[in-house]
Amino acid sequence: MEKEKNTPQNTISDLLNDLKLSRRCFVKATAATGAALALGTGLTPDLKALAQTGKAAGGDMGQWIASTCQGCTSWCSKEVYVVNGRAIKVHGNKRSKVNGGASCPRAHLALQQVYDPDRIKTPMKRTNPKKGRNEDPKFVAISWDEALNTIADKIMELRKNNETHKYLLMRGRYTYMRDIIYDAMTKLIGSPNNISHSAICAEAEKFGPFYTEGYWDYRQYDVLNTKYMLIWGADPLAANRQVSYYSSVWGDIVGKATIAVVEPRLSATASKADEWLPIKPGQDGALAAAISHVLLTKGMWSREFVGDFQEGKNLFVAGQEVDPETFEEKHTNGIVKFWNLELKDKTPEWAAKVTGLPLDQIVRVATDYGKAGSQSISWVGGGPVMQVRGAYASMICHCLNGITGACDNMGGTLVNNKEYTGKFPNWDDFLDEAAKKGSKMAKIDHRGRKDFPCINGGKPGSAVVTNRAADGILNADPYDIKVAIAYMNNFNFSCTQPERWNQALSKIPFLVHITTNASEFSWFADILLPDTHHLFEKWGWVKSAANGYRHVTIQQPVIKPMWEAKIDETEVPWLIAEKLAQRGFDNMLRYFKTIKDPETGKEPANEKDFALYCVKYTTQNLWDPAKYQGGDKFNGWEEFRKAGVWNSAPYPFRKRWSAMNTKTKKFEFYSETLKAALEEHAKKHNTTVDDILEVSGYQARGEIAFIPHYEEPSTLGDEKEYPLLFVDHKSRLNREGRSANCTWYQEFKDVDPGDSVWDDVAKINPLDATKLGLKSGDKIRITSPTGKLECTAKLWEGVRPGTVAKCYGQGHWVYGRVAAKVFGKEPRGGNNNEVIPAVYDRLSGSTVRHAATRVKIEKI
Amino acid sequence: MPRYAMVIDLQRCVGCGACSIACRNENNVPEGIYWSNKITETVGTFPNVRYHYIPTLCNHCAAAPCVRGCPTRAMHKLDNGITMHDPNKCIGCKYCEFNCPYGVIYFNWEKPHRFWRSEEAAIPGGTASPKELMEKVGGQATPYFNPERTGTAATVRPKGIVEKCTFCDHRVAKKQLPYCVEACPANARIFGDLMDPNSEVSILVGKFRPFRLREELGTEPHIFYIRDYNPARYRATKGGV
């Protein structure tokens, strides 16, 4: 609090002597002052503020402390301005070579999150034994001790009954401290059931890059050196990934490069692009196929990367097969097979019909893209890939980077730079027999079953199928779940067909939710534990990449955690471990004690030590001069902690050419890698690849299964009954699903093009609206074959006719008193997931959210 | 004496609103009041449609109608060109608000930040009431209250007077840029002294043909917009008959 320098005596003199005062003000001030003097309490805050006017502005009152924002997965390095233990501002950490001083708008909303009165102050337990959408849990406050004792008792009960596999850990927003709670703790207890949220993020995006260039992760793009950016269903000026960085350079890029955005609605990025391709939802693969066709027929492939015809003459002619022997490939594999099996008939004329885009635009974009050569980017976002057959859309949209030689090249698409963080120590020695046995049971999410290949990173059954866990729990398939702990997730809001999660969670006898706010998921919990806010109150670190660099950015408590909050990933497991040790099961605690402070060699003595040592331990290679391997150099932990961020070395272009993590080591148009993975999964189930593809819902059969290709979208709903395709999109103010309770979110919601403040709108093209008899402001119900939601209609030209575009993020019926209309009962706005069916891209396990369903709209 | 102005480069602006949210933060601005704001337009018919965004704020006009109309001289010009408001003299007549052609002046109809005085908790015993949280965290009016917003305009303005952007006079006095300028991730806002021919603002208003809002009214605004929000290119054509 600022010092109160004015005494009543001074103020009265000022008031009496200052001839510039108005009469009204004078009267007001003296009256209050008189009263205040009588009471001896001084002026009211309002008048104190007035009295201080005229005082010279002083120097800075606080200090900037480094931390990290996880409002989206840009994971920017930030600094927080703290004055007398209060966090009052957030800005970008200039030391980061990834985001620099730039900060997107959502970062400021974090201040309203950490000081959200609707945050849980204390552990709570449920007193209403009934669980349901309309059942008030009747939470009462309990002590941490009581909460931890109950949790420990429940875990010990599982151990006693040899049912450790019936323990489930659900993970939401994480840092790389996640291995403690998500992996180690789950395995040490003896369960295979650690379920992450990754499948509801954008896993399918990684499918294309892996099965072509051997890279299963998100990409960064060399935008400063590029001449053409073709962006598929991504909105980098609004949402993932590295919004701060791309916002900071866009003004310069638009002057140098041509930007084309493929997106059914006019997004923030499309508004600042040269071309907007308002594609029919689900048809991105067709456009990519046609563009590939044009690149090859016009001779615009990279001779340096792909190779050339031995005779020099371009034999890629529409409709004609090519003899593979005539082409000498360099750093790629299977370009001719790709042409023969898929591309030869995928002309722009064909694509125009399928995509609903003008022919001349398709040809122009393809040609200009080709002219840019290797300084071009095919930027694959969540749009084309988080669909039922999205894995192949991911491949064909991404493989353009291979055709032009942009892969790993200047001005092209890049991977993450090397970083040197370490892993936690191995916990194998602390696994007892029960743990080893339990961890080998089948998982609750059905990954790896015949119709869920989930071939992430080439390994069948390796990808989580987050949304499927609800069905597993509900049907006790393969068995029932008895004890579950979940942190910073909200699956019955963030997953499609959330009602299934309501039912599943009702079935779990004992559910713990570690969360900042009581959310929809919390409403089904037996115990709530107050969580720290990742930006202001937590120890952790995460990594991100942009601008040709990778950064590792730490989180540290910049203020004292509010109320009784504890850190989800490290402090809570430690406290549980202590309780388990008291009950005779000390494996976890003994393991945790092996994570010692690298500077002193000391063992953690309590949960606070543990949280800190976990970060120091895993980042040691970055800050310890004796362990230096590359990138920024620090003289020790303290210097690193103050800086808050480590930057990698600059990007090593082209190092991965013919050294890719694929079966052939090359960029695979014919993916031997995918073939091997599919064949392995087929073999496990004693069947053929074609059978796997059929039960998984794909159209490909035979060799086409191993190449990038167009698959028709699989959309629910009869066109007559449900006339509009539902288009989901994200907000530049969404902090994942958690910012709707911030008044600044509501006050500024119209920074999303077409949206409105303090409202949740579905944007409809005026042509469709006229047919439906709707006008802006009408309250409407949107219904799909699987659910419904209520919101407000908004007529907007930036929507493709035949579609309705609505932003995700609102529709909370709990979470807080701003996010919900009536807390615990009535939602503000509507949750998109209510209308989207629970379907999957089964090759990656991803939950589908695009081109999934048609809807109908009626006025209510 | 300097004459402060701001150049806003619409080509760099990405329409994110960080400027406006950051301003709320820096100046303890209450809900419903937008010191920093925007004008948005969706122009055209699908598929030839575009969305445009123009950031707005007080124009710190050299011939400010709000100053001319103020009966108490609460609204006044500083020597450095900032159109400043003295809350001590404001009688809340709203004449300035009516006179301003840009709608950037707002009246405090109620005591600001009512949200933070509420005594209701969502889960009694489990979550806090805003009032309880304020008592725990401290701060004035809001928990993330900025005490450095001081000196001339009040740290938070009381009920019954108007308020508007002051070009962060409290920061400028410390040789710091207005917070919206710092907060813009796109470097789309450029602040400086028009009296200095070598300042960035002077160079930019000479390099481009800036437009100002409602220039024809003669207010002499000091917010200069350069370039275009939508920088799209197209193939050369002569059209047709």
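Thresholds applied
- Residues numbered from 1 in each chain as written.
- Chains lettered and ligands numbered in written order.
- Predicted model: local features only at pLDDT ≥ 70, side-chain atom pairs only at ≥ 80, totals over all residues.
- Heavy atoms only, no water.
- Helix = DSSP H or I, 4+ residues; strand = E, 2+ residues; numbered from the N terminus.
- Contact = heavy atoms within 4.5 Å.
- Areas by Shrake-Rupley, 256 points an atom, 1.4 Å probe, with all protein chains shown as cover.
- Core = buried A, V, L, I, M, F, W, Y, C linked by side-chain atoms within 4.5 Å.
- Buried < 20%, exposed > 50% of the residue type's maximum accessible area, 1.4 Å probe, protein only.
- Pairing = 2+ DSSP bridges.
- pLDDT = per-residue confidence, 0-100.
- Axes fitted to C-alpha atoms, helices over the stretch in contact; angles between N-to-C directions.
- Salt bridge = Lys/Arg side-chain N within 4 Å of Asp/Glu carboxyl O.
- Phe/Tyr/Trp six-rings, centres within 6.5 Å; stacked < 30°, edge-to-face > 60°.

(A) Here's a closer look at the overall build of chain B. Broken down by element type, chain B carries seven helices and nine strands. On the principal axes, the C-alpha backbone points of chain B span a range of 75 × 45 × 30 Å. Long-range pairs, those at least 24 residues apart, make up 60% of the contacts in chain B between residues at least 6 apart in sequence. Summed over its atoms, the accessible surface of chain B is roughly 9,900 Å², and 52% of this surface lies on carbon and sulfur atoms.

(B) Molecular detail of the nonpolar core. Residues and elements named next belong to chain A. Membership of the largest hydrophobic core comes to 114 residues, with the highest contact counts inside it found for Val223, Trp250 and Phe536. Broken down by element, the residue count for this core peaks at six residues, all from helix H8 (residues 243-256). Among all residues touching phenylalanine 536, those that are not within four sequence positions of it are Val80, Ala87, Val90, Ala110, Leu111, Val114, Gln556, Pro557, Val558 and Ile559. Within the second largest apolar cluster, 75 residues are counted, among which are Phe316, Ile396, Phe669 and Leu843.

(C) Inspection of the pairing of strand S33 (residues 854-859) of chain A at higher detail. Residues and elements named next belong to chain A. Bridge count for strand S24 (residues 724-729) against S33 is two bridges, and the pairing is antiparallel. Counterpart to leucine 724 in the pairing with S33 is valine 855. As defined by bridge partners, strand S26 (residues 779-784) adjoins S33 across four bridges and the pair is classed as antiparallel. By the bridge assignment for S33, arginine 781 is matched with glutamate 858.

(D) Expanded view of the confidence of the model for chain B. Summarising the model, chain B shows a mean pLDDT of 95, and 100% of its residues fall at 70 or more. For this predicted complex, the interface confidence comes out at an ipTM of 0.97, alongside a pTM of 0.93.

(E) Layout of the sheet that holds strand S9 (residues 228-232) of chain A. Residue and element names in this part refer to chain A. A sheet is described by the order of its strands in space; here four strands give the open sequence S11-S10-S9-S15, paired in parallel fashion. Each end of this open sheet is capped by a strand with a single partner; those strands are strand S11 (275-277) and strand S15 (376-380). Mean inter-strand twist for the sheet, computed between neighbouring axes without regard to direction, equals 15 degrees. As defined by bridge partners, S9 adjoins S15 across five bridges and the pair is classed as parallel. Pairing of isoleucine 231 across the sheet is with tryptophan 379, part of S15. Each of S9, strand S10 (258-262) and S11 touches helix H9 (residues 284-297); the most contacted strand, S9, lies at about 150 degrees to it.

(F) Structural context of the pattern of salt bridges. Considering all chains together, one arrives at 81 salt bridges over all chains under this definition. A salt bridge links Glu135(A) to Lys130(A); its shortest N-O distance comes to 3.9 Å. Accessibility expressed as a relative area gives 23% for Glu135(A), which makes it partly exposed. Among the ionic pairs, Asp755(A) bridges to Lys749(A), the shortest N-O distance being 2.8 Å. Exposure remark for Lys749(A): the relative accessible area of 2% places this residue in the buried category. Several salt bridges converge on common partners, so that one network encompasses Lys89(A), Glu26(B), Arg171(B) and Glu182(B).

(G) The packing of aromatic side chains, seen in detail. Residue and element names in this part refer to chain A. According to the stated counting rule, one finds 54 aromatic pairs over all chains in the structure shown. Ring geometry for tryptophan 75 against tyrosine 176: centres 6.4 Å apart, planes inclined by 85 degrees, an arrangement best described as edge-to-face. In this pair, tryptophan 75 sits in the loop between strand S1 (63-68) and strand S2 (77-83) while tyrosine 176 sits in the loop between strand S6 (167-171) and helix H6 (178-189), placing the two residues 101 residues apart along the sequence. Here tryptophan 75 falls in the buried class, since its relative accessible area comes to 6%. With a relative accessible area of 18%, tyrosine 176 lands in the buried category. On the basis of an interplanar angle of 75 degrees and a centroid distance of 6.0 Å, the ring pair of phenylalanine 305 and phenylalanine 667 is categorised as edge-to-face. With phenylalanine 305 in the loop between H9 and strand S12 (307-309) and phenylalanine 667 in strand S23 (residues 667-668), this pair connects stretches of sequence that are 362 residues apart. With respect to burial, phenylalanine 305 and phenylalanine 667 carry one shared label: buried. Through a chain of ring-to-ring contacts, the aromatic side chains of Trp427, Phe430, Trp574, Tyr591, Phe592 and Phe610 assemble into a single cluster.

(H) View of unusual backbone geometry. In this structure, Pro478(A) follows Asp477(A) across a cis peptide bond, with omega equal to 10 degrees. Its location among the elements puts Pro478(A) in the loop between helix H16 (468-474) and strand S17 (483-487). Note that the residue after Phe46(B), namely Pro47(B), is joined by a cis bond; omega there is -5 degrees. Tracing the backbone through its elements, the reader meets Pro47(B) in the loop between strand S2 (37-45) and strand S3 (48-56).

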